[in-house]
Amino acid sequence: MTEHLNLSGVSHGYGDRQLLDGIGLVITAGEHVAIVGENGAGKSTLLRILAGLEAPDEGTASSHGRIGYLAQTHGLPESFTVGSAVDSSLASLRALEAELDRLEAGLADAEDDELEKYGRLQTEYQLREGYAAESRVEAALDRLGLGGLDRKRMLGSLSGGEQERVALACVLADPADILLLDEPTNHLDARGTAWLEDRLAAHRGTVVVVSHDRVLLRKVASTVIEVDAERRAVTRYGNGYDGYLREKAAERQRWVQQYHEWIDAMEAEQRQADTVAGKMGYARKRDNDKMGFDFKAGTWQKAASSKVRNAQERLRRLEASPIDRPPVPLRLAAELAVDPEAAASGAAVATGDDSLLAASAVLVARGVNVPGRLGVTDFAARTGEKILITGPNGAGKSTLLSVLAGTLEPTGGFVQRPLRIGYLQQELELPQRPTLRLLPAFAAGLGGNIDEHAEALLRLGLFRTSEFHVPVGSLSAGQQRRLALARLLLGGYGTLIVDEPTNHLAPVLVEQLEEALAGFTGTLVMVSHDRALRDWFARCAKKSDNSRTAEAGRWIRYSMDKGVLAPV
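Notes on the structure follow. Only a predicted model underlies this, so the values are computations on that prediction, with no experimental measurement involved.

**Observations regarding the sheet that holds strand S10 (residues 363-370)**
Strand order across the open sheet formed by three strands is S11-S10-S13, with antiparallel pairing between neighbours. Edge positions in the sheet fall to strand S11 (374-381) and strand S13 (412-416), since each has one partner strand and no second. Along the sheet, successive strands turn relative to each other by an average axial angle of 10 degrees, direction set aside. Across five bridges, S10 lies against S11 in antiparallel orientation. Bridge pairing links Val368 to Thr377 in S11.

**Quick look at the packing of helix H5 (residues 133-143) against helix H6 (residues 160-173)**
Remark: H5 packs on H6, axes separated minimally by 9 Å, with the N-to-C direction vectors making an angle of 150 degrees. As far as their axial angle goes, H6 and H5 are roughly antiparallel. Two packed elements cross with a definite hand, and for H5 against H6 that hand is right-handed. In this structure, H5 contributes Ala133, Arg136, Val137, Ala140 and Leu141 to the contact, and H6 contributes Ala169, Leu172 and Ala173. For the contact of H5 with H6, the class distribution of residues is seven nonpolar, no polar and one charged.

**So, the packing of aromatic side chains**
Centre distance and the angle of the planes are the two values used to describe a pair of aromatic rings. Applying the stated criterion across every chain, the model contains eight aromatic pairs. With a centroid separation of 6.4 Å and 35 degrees between ring planes, the pair formed by Tyr259 and Trp262 is classed as tilted. Pair noted here: Tyr259 and Trp262 are both in helix H9 (residues 240-279), with a separation of three residues, about one helical turn. Given a relative accessible area of 15%, Trp262 falls into the buried group. An aromatic cluster is present here, built from Tyr237, Tyr241 and Tyr244 joined pairwise through their rings.

How each quantity is defined
- Residues numbered from 1 in each chain as written.
- Predicted model: local features only at pLDDT ≥ 70, side-chain atom pairs only at ≥ 80, totals over all residues.
- Heavy atoms only, no water.
- Pairing = 2+ DSSP bridges.
- Helix = DSSP H or I, 4+ residues; strand = E, 2+ residues; numbered from the N terminus.
- Axes fitted to C-alpha atoms, helices over the stretch in contact; angles between N-to-C directions.
- Parallel < 35°, antiparallel > 145°, perpendicular 65-115°, else oblique.
- Left-handed = near helix turned anticlockwise from the far one by under 90°.
- Contact = heavy atoms within 4.5 Å.
- Nonpolar A, V, L, I, M, F, W, Y, C, P; charged D, E, K, R; others polar.
- Phe/Tyr/Trp six-rings, centres within 6.5 Å; stacked < 30°, edge-to-face > 60°.
- Buried < 20%, exposed > 50% of the residue type's maximum accessible area, 1.4 Å probe, protein only.

In structure tokens form, the structure reads like this:
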């Protein structure tokens, strides 16, 4: 049977949180599909159900064909070596090789059924390009920035990003009929992402990918499936990612129009009934012809009563077929106000009088280094500057940001930074108190009234009130990212250091984050591999260069390779 994925009547949730409700979905052989939706809507859950790793609460899920699955967090044991991880991913191919060797050894005396089996297995082996498996692994590791990685290295000794890239290389070492990938570009540089796009676009089988990468969505996906958090349903859109955006906007516009027409019709029928009822018995003045008046009044009241009943019946029919109010989509509405005290500089961490060199900068590093991770590096950012740092994996970008933010002490050199600095790490730490609810977690350490924090968080637009009481340990990776982002954006910081800010965020929120950062008047230092974000930064830089106002600020892009910073 041709490989495909099929969900029928699937409902699923966690505790009292229902994510999917009676959905049906068919993904046919060879389709290239993107799954999109708000953070926490259930995209990763849907992918796990499609992969057969999680059974739905209700309904059935079936698949036909080999499945290759990449989770947001790889799930490989840290006790594995790189080599054992690769061997595990090639286990079925190695078993096929062993069976071919066994059959080949007895071909001289083989029966017809064994000859037929040998031919069938050899065809399968060739179709899977088994002879090239090892070279594919080496090529994948090289393109993913892990060329020359010792196969004896323990996964636990690698960084989180390196582990994710090893997992991706393993999934692509023996490409399955069906590839299910959850945020595969989160830890890839430009070279690795471009290579992955080409691999996925050329894959003859089925590809289903969850991603925030707008460029990848446009290049790889011909079909978009949206997971609707409000309706707990899925909707299929054709014509690629841009087609999805157009169809989604038109669909919402129709929904809003139908809702307002229903409201207007309800109000019109109610007014009709109230107006006619209010006039009953007062249609005309009484004269001396009592019999004539009573007769005509009775006739009029009968007609009026009929009008009231008809209006009420139409009202009842409208109420019986309501148009749901269109949900208000999450929209990041941050106006990044800078607390004047937050922009003040603190004392430099220095090895001598070199701190005097930093007098004109709000954030500066001189001669900082971290052996094996960051060579001797100088850096300076002035008030109002927006700086984007790009470069290949392993160049030292995240290490530099950690040094600038003060979460990592350099072996040498000095750093001068503001008294308060906002820092968004690439890898968020697991919640220390997973049972703590979202709203108290947001307000932790901020002081003030919890109701004021709730109002501020709701006004920011990253969460709905229905999510305020969800335990942080139950939040998706995207929701946890949004929580960290909310604390950053509402902190009043004069200096922001952000590492891969678009990771795990829904594409629409990424675009709104760009708008917020464009209006930020403080100092911004950012690391990102997101190509669409880099294009946005270039547009802002060009606009700033063309502006004659001092408030526009300077937009500067640096490239970093092996610890060496250079302007682009």
